[in-house]
Amino acid sequence: NPYPFPWTNHLFQDAPSVALGVFEGHMRKMAEGFKAIRMAKLELDGGYKAAEHEEFFTYFNWQQFDEGEWRLCPPVVSVGGDGAMYDIGFQNLSRVLASGHPIKVLVLDTQVYSNTGGQACTSGFIGQVADMSPYGKTWKGKTEMRKEIGLIGMAHRTSFVLQSSIAHTTHLIEGFIDGLNSRHPALFNIYSACQPEHGIGDDMSTHQSKLAVESRAYPLFRFDPDAGVTFEEACSIEGNPALEDDWPEYVLKYLDEQGKEAEFTVPLTFADFAMSEGRFRKHFRVAPPETWNDDMVPLIEFLDLDEDDREGKFPFIWGVDGKQRLMRVLIAAELVRSTEERRTFWHQLKSLVGVDKIVDLDEVRNQAKAEMAQQLTTSLLSLATSGNVSALAGLDAGAVGAGAGGNGAGAGELPWDYEPVWVETPECTACDECTTIAPKVFKYNDEKKVVVIDPKAAPYKDLVKAAEKCTGGCLHPGTPWNAQEKDLEKLVKRAEKYQ
């Protein structure tokens, strides 16, 4: 054999199970080493007592390792594709996650069985054309809804779960580090472009991975069982663009009828992503300008129509041709279904993490002010009509202070001087870190230099993280704008060196 170390052959779907066996043997050897060190230390300190320590060391295993010992143990990582982990080997994956043993599983999700010729896989999207999901007269690509292995992994409630892509380096590497350091099993589900089966160029993997995330085809997601008890506490969809919206927006540039440059803002839907890949190409048809009519409806408007109102309407998305002229691209029913399914999944993720429950603090403060003012007015009227001077004494002192614009929380003022996040724009290196982490706060200007467009459009945690990742060292997070944000003391400490 060609390997200069012990090895074993196994079926590709058995990687998690084999990894579990390797882990058990590996941890037994590590435990023997750590046990010897602990016993030697006790002996040297004169503290070893057989009656007290013998039973402990007899059953000593990886679960008793302290943090230092645990960090010295190389992780055992199982690697496989979506076919191996989503389908034929799913029972092996599930068993490892359920075991609670800290095996790390990396899934390269290509949405097809790439190793055996590109057959359809349960990780694929509705309408995807592949072997075993052909495009024909009656069957037009894959009809099944995509299996979400990230949610299935989370449902075990034992495991760290990361769904990410190579186009989101910060999210990916931070997730790897946290998952590898976790004493839980870890499932890393990574979007992996398969160039021939997706119908994209060999140099387009990063570009298409970015589009997949932005179009809600493949939202970023993580579940950390150590982050809290509820799903809302343990789950995160941070890193996705436009969290509050169904779809992010982008600027479509084209040449008008006079040949002049023009542009307008359009949503980036799943259909826009699908139009850029060969596996969905048969679901699109360009409509020449002379055929445009009122029965053609933009896709996002079509999605909001009732079934009866869709009759006789033709959904389309905007695009540009090779000469940069504006064009309408009509969409088949299968891609409409697929876009609806991806939007529904995005809504489900948002409800899971509580994004739709975000409270408008200004509205709450204004409402509190109004209620306090009403209380003050009622008490003063009572004083005026009854002549009872003691009525003022019944007022809550905090209510009076806040109603008068004092420094209470109801007044909306912070217990520190607020300094907005700011950027030394000329020093920007266009590294994309801040625009990826907090896209509603930071934006590139015409010179490809970052500027701040809304300093309160992201939590302070994201502003600090952006400063830490800034390769030009030109981003300064300022001070927190929301006194209720979690872990503010730690965040302020992290931010000190960037102020």
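Going by the structure above, here's the rest.
Cut-off values and rules
Along each chain, residue indices are assigned from 1 in the same order as the chain's sequence is written. A pLDDT threshold of at least 70 governs which residues receive local features in this predicted model, and a stricter bar of 80 or more applies before side-chain atom pairs are shown or counted, although totals over entire chains, interfaces and linings include all residues. Only hydrogens and water are set aside when side-chain values are computed; all heavy atoms of the structure are taken into account. Elements are defined by DSSP. Helices are runs of H or I of four residues or more, strands are runs of E of two residues or more, and each kind is numbered from the N terminus. To sort residues, take the accessible area from a 1.4 Å probe on protein chains only and compare it with the maximum for the residue type: under 20% means buried, over 50% means exposed, and anything in between is partly exposed. By the convention used here, residues are in contact when the closest approach between their heavy atoms is within 4.5 Å. Under the convention used here, a 1.4 Å probe and the Shrake-Rupley method define accessible areas, while residue burial counts only the protein chains that appear. Axes here refer to lines fitted to C-alpha atoms; in helices the fit is confined to the stretch in contact. Angles between the N-to-C directions go from 0 to 180 degrees. The cut-offs work like this: below 35 degrees is roughly parallel, past 145 is roughly antiparallel, 65 to 115 is roughly perpendicular, and the gaps in between are oblique. Crossing handedness follows the turn of the near helix against the far one: under a right angle anticlockwise gives a left-handed crossing, and clockwise gives a right-handed one. Residue polarity follows a fixed list, in which Ala, Val, Leu, Ile, Met, Phe, Trp, Tyr, Cys and Pro are nonpolar, Asp, Glu, Lys and Arg are charged, and the others, Gly among them, are polar. Buried and open spaces are told apart on a 1 Å grid over the protein atoms alone, a cavity being a set of points where a 1.4 Å probe fits but cannot get out and a pocket being an open set with protein on both sides within 12 Å along at least five of seven lines. Residues with an atom within 4 Å of a point are the lining residues. Grid points are joined across faces, edges and corners, and a volume is the space filled by probe spheres set on the points. Cysteine sulfur atoms that come within 2.5 Å of each other are treated as a disulfide pair. At least two bridges found by DSSP between two strands is the condition for calling them paired. Grouping into patches uses exposed residues only, defined as over 30% relative accessible area, and leaves out salt-bridged ones; the cut-off is 9 Å for like charges and 5 Å for nonpolar side chains (Val, Leu, Ile, Met, Phe, Trp, Tyr). What makes a salt bridge here is a side-chain nitrogen of Lys or Arg within 4 Å of a carboxyl oxygen of Asp or Glu, nothing more. Charge counting treats Lys and Arg as positive and Asp and Glu as negative, with His and both chain ends excluded. A single reference atom marks each charge: NZ on Lys, CZ on Arg, CG on Asp, CD on Glu. Each C-beta atom gives one direction from the helix axis, and the arc is the one those directions make.

(A) View of the overall build of the protein chain. Of the regular secondary structure elements, the protein chain holds 18 helices and 18 strands. Across the 499 residues in the protein chain, those meeting the buried criterion constitute 41%. Sequence-distant contacts in the protein chain: of pairs separated by 6 or more residues, those separated by 24 or more amount to 63%. Counting only carbon and sulfur atoms, one obtains 54% of the accessible surface of the protein chain, whose full area is about 26700 Å².

(B) Fine view of the packing of helix α17 (residues 460-469) against helix α18 (residues 488-495). Taken N-terminus to C-terminus, the directions of α17 and α18 make an angle of 25°; their axes are 10 Å apart at the nearest point. The angle between the axes of α17 and α18 places the two elements in the roughly parallel class. As for how α17 packs across α18, the hand of that crossing is left-handed. Every residue of α18 that contacts α17 at Y460, K461, V464, K465 and E468 is listed here: L488, L491, V492, R494 and A495. Among the residues forming the contact of α17 with α18, the class breakdown is six nonpolar, no polar and four charged.

(C) Main features of empty space enclosed by the protein. Using the criterion set out here, one finds two cavities of 30 Å³ or more in the structure. Approximately 70 Å³ is the volume attributed to the largest cavity. Lining the largest cavity are V423, C428, T429, A430, C431, D432, C434, Y444, V450, C470, C474 and L475. Residues belonging to the lining of the largest cavity are distributed by class as follows: ten nonpolar, one polar and one charged. Taken as a whole, the second largest cavity spans an internal volume of roughly 30 Å³. Looking at the second largest cavity, the residues that line it are E148, G150, L151, Q163, F221, F345 and L349. Its residues assigned to classes, the lining of the second largest cavity comprises four nonpolar, two polar and one charged.

(D) Just the state of the cysteines, in detail. For the structure shown, the criterion picks out zero disulfides. No disulfide involves C434; its sulfur sits 6.1 Å from that of C431, the nearest cysteine. In this structure C470 is not part of a disulfide, and its nearest cysteine sulfur, from C474, lies 3.8 Å away.

(E) Highlighting the pairing of strand β1 (residues 77-81). Because side chains alternate across β1, one face comprises the buried residues S78 and G80, and the other comprises V77, V79 and G81, none of which is buried. In this sheet, strand β2 (residues 104-109) lies alongside β1 in parallel orientation, the contact comprising five bridges. Within β2, the position partnered with G80 by the bridge is V107.

(F) Representation of the sheet that holds strand β5 (residues 160-165) in the model. The strand order across the open sheet formed by six strands is β1-β2-β6-β5-β7-β8, and the pairing between neighbours is mixed. Both outer strands of the open sheet, β1 and β8 (235-236), are each paired with one neighbouring strand and no more.

(G) Geometry of the environment of S133. Examined against the element boundaries, S133 turns out to sit in the loop between β4 (119-120) and α6 (149-155). For S133, a relative accessible area of 2% puts it in the buried group. C-alpha separation for the pair S133 and C121, spaced twelve residues apart in sequence, amounts to 9.2 Å. Excluding residues that lie within four positions of it along the chain, S133 makes contacts with A120, Q128, W139, G141 and K142.

(H) Layout of a negative patch on the surface. A cluster of like negative charges, contributed by D306, E307, D308, D309 and E311, occupies part of the molecular surface. Here D309 is to be found in the loop between α12 (299-303) and β13 (314-320).

(I) Spatial organisation of helix α5 (residues 90-99). Along α5, the residues that are buried comprise N92, L93, V96 and L97. The buried residues of α5 all sit within an arc of 130° when viewed along its axis, so they share a single face. The outward face of α5, more than 90 degrees from its buried face, is lined by the exposed residues Q91 and R95. Its buried side turned inward, α5 meets α1 (15-44), α4 (82-88), β2, α6 and β6 (186-191). Among the residues trailing α5, G100 stands out with phi positive, at a value near 80°.

(J) Local environment of the pairing of strand β14 (residues 326-331). For β14, the tally of buried residues reaches five of six residues, placing the bulk of the element in the interior. Examined bridge by bridge, strand β11 (residues 284-287) and β14 share four bridges and lie antiparallel to one another. Counted as the bridge partner of F284 is I331 from β14. Sheet analysis places β13 next to β14, joined by five bridges and oriented antiparallel. Its bridge partner lying in β14, I317 is registered against V329. Hairpin connection between β13 and β14: a loop of five residues separates the two successive antiparallel strands, and Q324 in this loop has a positive phi of roughly 65°.

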